Every structure is written in C-alpha cells, then in structure tokens.
Amino acid sequence: MDEVMRKNASSGQKDYESVKRDVTCSVHFVNPSTSSEDELASVTRLVSKAEDLELDRVFKRESTDLATNRSLFEFGHNFEEVRDWLNIEQPSKVPLRSILRYMLENHLKTTVQIEINKMYFNCHVIVLQSYSKFFMELEEIPLVVTLPENKVSQKAFMLIYKWMLSDDPNLERKNIIAVFIAATYLRIESLLSHCWKYFEDINCFNEVSACIMYIEAKSHPALDIVRNLMLTRIQKFLLTFVATRDFLDVPLKHLVYLLSSDDICVNTEVEILFIIVRWLGHDWKARQSNVANLIGCIRFNLMPLWYLLCVRRLETHKLIRQLVGLPKVDDIFNEAIAQITSSIYEEKMGENSMDHAFITRNAQQRRWIRDEACPYFHLIGCPYTRNINYSQFESYLTLLQQQPHDSWAKVHNILDRPLSKGKSEVSQSIVALLFSEIVQYSQSRVFTVPELQTRLHDLGQDVGTRIIDLYFVRERSSKRETKLTQMLLFVKTTLWKNLFGKEAEKLEHANDDERTYYIIEKEPLVNTFISVPKDKSSLNCANFTAGIVEAVLTHCGFPCKVTAHWHKGTTYMVKFEDFVIARDKQMEEK
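Note that the structure is predicted; figures quoted are calculated from it, not measured.

A. Structural context of the overall build of the chain. The helix and strand tally for the chain stands at 26 helices and 12 strands. Of all 590 residues assigned to the chain, the portion counted as buried reaches 37%. If you sum the accessible surface of the chain, you get close to 36600 Å²; carbon and sulfur atoms cover 52% of it.

B. How the structure looks around the pairing of strand E12 (residues 570–576). Of all the 7 residues making up E12, 5 are buried; the element is thus mostly covered by neighbouring parts of the structure. Two strands pair when backbone bridges link them, and strand E10 (residues 516–521) and E12 are joined in this way by 6 bridges, in the antiparallel orientation. Paired with Ile 520 across the strands is Thr 571, a residue of E12. Pairing of strand E11 (residues 560–565) with E12 involves 6 bridges; the strand directions are antiparallel. Directly across from Lys 561, in E12, lies its bridge partner Lys 575.

C. Looking closely at helix H9 (residues 207–216). All of the buried residues in H9 are Glu 207, Ser 209, Ala 210, Cys 211, Met 213 and Tyr 214. For H9, the N-terminal capping position is held by Asn 206, with its side-chain oxygen 3.3 Å away from the main-chain nitrogen of Val 208.

D. Region of interest: the pattern of salt bridges. Scanning the entire structure with this criterion turns up 15 salt bridges. Between Glu 105 and Arg 101 there is a salt bridge whose closest N-O contact spans 2.7 Å. Remark: Arg 101 and Glu 105 occur in helix H3 (residues 96–105); sequence separation between them is 4 residues, near one turn of the helix. By relative accessible area, which is 34% here, Arg 101 ends up partly exposed. In the salt-bridge network here, residues are joined through shared partners; they are Arg 101, Glu 105 and Asp 167.

E. Looking closely at the sheet that holds strand E3 (residues 112–116). One open sheet accounts for 3 strands, arranged E4-E3-E5; its pairing is mixed. Across the chains shown, the open sheet's two edge strands, defined by having one partner strand only, are strand E4 (119–123) and strand E5 (144–146). Taken pair by pair, the neighbouring strands of this sheet meet at an average axis angle of 25°, ignoring direction. Those strands touched by helix H6 (residues 154–165) are E3 and E4, and its axis lies near 10° from that of E4.

F. Layout of the side chain of Gln 365. By the secondary structure assignment, Gln 365 is in the loop between helix H19 (356–359) and strand E7 (367–370). What makes Gln 365 buried here is its relative accessible area of 13%. Within the structure, Gln 365 has its side chain in polar contact with the side chain of Trp 368 (distance 2.9 Å).

G. Structural detail: the packing of aromatic side chains. By the definition in use, this model includes 18 aromatic pairs. With a centroid separation of 5.5 Å and an interplanar angle of 90°, the aromatic rings of Trp 196 and Phe 199 are classed as edge-to-face. Here Trp 196 and its partner Phe 199 are both found in helix H8 (residues 189–199), 3 residues apart, which amounts to about one turn of the helix. Judged by its relative accessible area of 0%, Phe 199 is buried. An angle of 85° between the planes, with centres 5.8 Å apart, marks the rings of Phe 241 and Phe 247 as edge-to-face. Comparing Phe 241 with Phe 247 shows no difference in burial state: the two are buried. Each residue in the set Phe 180, Trp 196, Phe 199 and Phe 205 is aromatic and connected to the rest through ring pairs, giving one cluster. Looking at Arg 287, its charged tip hangs above the ring of Trp 279, at a distance of 4.0 Å from the centre.

Quick notes on the rules
Residues numbered from 1 in each chain as written. Predicted model: local features only at pLDDT ≥ 70, side-chain atom pairs only at ≥ 80, totals over all residues. Heavy atoms only, no water. Helix = DSSP H or I, 4+ residues; strand = E, 2+ residues; numbered from the N terminus. Buried < 20%, exposed > 50% of the residue type's maximum accessible area, 1.4 Å probe, protein only. Areas by Shrake-Rupley, 256 points an atom, 1.4 Å probe, with all protein chains shown as cover. Pairing = 2+ DSSP bridges. Polar contact = N/O pair within 3.5 Å; in protein donor to acceptor, adjacent residues only side chain to side chain. Salt bridge = Lys/Arg side-chain N within 4 Å of Asp/Glu carboxyl O. Axes fitted to C-alpha atoms, helices over the stretch in contact; angles between N-to-C directions. Contact = heavy atoms within 4.5 Å. Phe/Tyr/Trp six-rings, centres within 6.5 Å; stacked < 30°, edge-to-face > 60°. Lys NZ or Arg CZ within 6 Å of the ring centre and 35° of its normal.

See below:
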C-alpha cells in the first residue's frame, strides 16, 4: 500500500484531503443490442452523474426515428434547472472514514481468518495488505490463511494487528522480540523500523538490558543482527556476564569479537585468559579445536612480565597448564616475554620509570577497571601482588553473582582514552564483525553474485546519504564543493579518512572518456576479513563502498554511477552524467 501511494505521489497526484473532486462509481455497461461489428459490446467507465447511466450516451447511439408524436421531455421540459436547488441546506452524513474505522476496530464484516495453531483471528485483509508485503503479494486470498507459530506467535500477531489499527502505536518491551520475528516473516517494514528505534536507543538497551536481549534472541536466526548490536553494548558488565551460565553458550565468533574489543572492562589482561579457559572447559572435547582462534584474542604483551614467566610453573589448573603447554601457545608466551624484556633494555633506564604501564604504553589498551571486590587486585607494594590464579578467578565470579544488581555500574575505570575532538575511533573488529554479518545477511537473500553486489551497493548508498551532511558540517564548516575536481579530491582524502582512517591511493582520469574517473584502493578495509569461495571469485564486496561514493557525489550535485572492479587492488569507476562535465567546463571558462 505504501508503494502504491508513493507511485501516486510521484505521478503528480495531489493529497486526497487538499483536492476537492467528484465522487465516482465504477460501472460496467453492456450494450443490449449490438447492431454492427463496430459497436462495443461492453465498456467500463467512472460515472459521477445520474444521466451518464443512459446507454444512449455511453454507446453514442443516435436515433434515426423522427416520430411526429414527441413526449414532454423530448420538448425540453425537465427538472434540471430548478431555482435554488443547490442552496437548500443539506442533511449531515457520517463520514465514510468514520464508518470504515468503526467497522475495522469492531471487526465487522471481516474478510479473512488468520489461523495460528488452531486459534483463529477475524481480520480485514485490506488492513493486512496495507502494511504487510506478505499479504500484499498473495495472488489469491483464501478464507483462512495459516501462519507458522514458530515465526508468528498468537500473541505477536494480536499485537501486530492492534499496531496496524492504531494511529499512535507503542511496543511493549516484553514482547518486542516476538513482534520483531513476526514482522520479519510478514515483511512489515514500518514495524521493523519501529522496533529498531528501540534497539538503537542506548537508554532502552543499556549494558544489562542489551545482555538480556542478547540471551533471549539466541534461538532466533532473524535476530542475529540485533544480537550483534547488543553485543557491542557489553563493557563493564562483561565479568558479571561471564559469571552466568548463559555465557557458556555464547557462539565462538561472538566470543572472539567480545574478547578482541578495546571497550570491554577487565581488571587485568590475565582475566581474558581465564575467560577463555572457562568457555573451553564447559565442553573441552567439542571446543578444543577453537583454541587457536581464542588465543589470538589475548594481548600477552599487556600481561605482567612476572605472570608470563611464572604461569607455566605455578598455575595448578589442569586446562591452563594444558593450554600453555601447547607448542603454538608456548611460542606466543616466549615472543611476548621477548618483546617486554627488549623494550626494557632499549629505553634509557636513567630517564624513565620502568613500571608496567610504561613498558606497555604502545600496546593496544583495554578499558581497565578497579573492582575492590576482586581478590587478586592489589596495590603496588602489596606482598600478594603476584598472587593470581584461576581458582581466585572462580571465587571472584561467585562473588559477582552475589553482588547487588547495579554493582557493575559502580566500578571505576582507571584508564579511559580520551576521544579526539570531532572524531571517534571504532574498533576494526567491530567493523569486521558487523560488515561480515551484512554480507551474510545479504547473501541469504539473493541467488547470484551480481545480485549480491547490487544489494551491497544499495546498502552503501543508504550509508552515503546519511553521512554527507555530517562531513561537510564537521570538515568544511557547511561549505560544499562546486567544482568536479575538488569534489573528487574531497572524496579521495576527507571522506576516505573518516570512513577508513586513510586516504585512497590514487585518483585518475580516463584518457578515452572525459566522463570517467578512477579511484584506486589497493586493500579495501571491507575486503580484509571476507573469504571469497572459488565459485564466487568475481565477488567484490567493495561495491558497498562504491554505493557510498555514488550517494555522496550524487547528493552533492554530481550525479554519477560508481562500480567496483578488481584492478590494481580495487578500482572504483566513477562515470558522471554529461551535464556535470558540461557545467564544470563552463565554470572553468568563467
């Protein structure tokens, strides 16, 4: 229904309320006596006046019978011209929209039944078709439509139908998951947008509520992208989450993302090793093949040197001893020890204080916290500073389970990196995870490589449309480029730096076509973590970036088409409209 209304709007039709028009009826006329082959047998017309119902007018027949006896009406006497006929006060009538709303809200003369696990909902199909593409695309509407309960629960359908009938609908927190799953199946885009309004609000889903949402949504594939978003909210709440039974069921890729993040809050990097051991130990036989992936999440150069030297000798936990005894892990330990010790000897010992913070100042830091309830968090000079093992970590997790619900929020950060003014830093692991989910999500909805590239291109255009105003306000004080070359340089430098942290390598102009330019990027960030199967070797996920560039240029007054190709890494071919080149030449002549 939304598409129909948009088509009407684009074709120049005005708003229904603002234009006064005659009400018509659609009438199918049948010619009672077709005298020749040239005459129509039937015709359908919109009729607004009663006299237009006369068949002679419809089929344009003229009588050739000039009878001498003519009737009063044939002499021209009629009631069409009556003085003050239209000035008589007209009786009031209940508006049609009020009657229709009353019928819809009171479920009168319903036209379809929706069956969900032997429960039947009496509905009006026009209401369902107004919002749901699922019902709009049904070729034939049966009297009873059966929906799968695992996709559309009874409660979810009732809430969705109430949402359709309401002018100012609200969604309940406790039912938002079921509503989102059902709206995904029924393809109700406006309701999905309504749900995302809540998901994206950090006040609605803070660390605790985001973690709860993550757990509730684990058995629903339709909510994978929502789970990924909720996972990014977990920071100070990490250790409390690790203390729960639900943590043990976290998928490998989510655990890798979580432990690779700079934003998670821990007392020490040693806790990352303990967290991995807790997850692996839950089902060691099935999970031991994941050791290599998880060990890569640990930043060994952030661990205290004394722990790296002593853990293999002093740790009593069986699984930790088994892990650190693996040849690959042993090599990583030795490399970290070498890096820390070499940094000590390379610095001028007399000029710098060689504490642990100084040694690791160039390492990628976490968000360190100081939890006074932690049994192995000691001040410098305490004789028990080096007393840390897995048994103490388990005691700490038990203690966290007994703390008040808001205790995690009261823990203080002891190292917060200030954000640069006007800019923000995003972890590369977050970009990799979210973009890989975008690719997988898009791939599940297409059948060919070109379709997948087109879908990525369209998603990129949506991103480009949103960011262009922000960048011009932030970088150019709201001043926009009017010359083509300057605009392309803005894309190559400023846009690329804001998106990917670096400029594109080259900007070239085609020799044989003045409308065509090339932006060359050797190693696009969006392709870094994408594994392309051999049967899809032509796939280039940088089409997502091409969509961003096309939207930015087009919305800045330089309409073009941008495509991504495998050449010198990745080459973005930008082809402008003819009038863009002509306009630029005119500006140069001035």
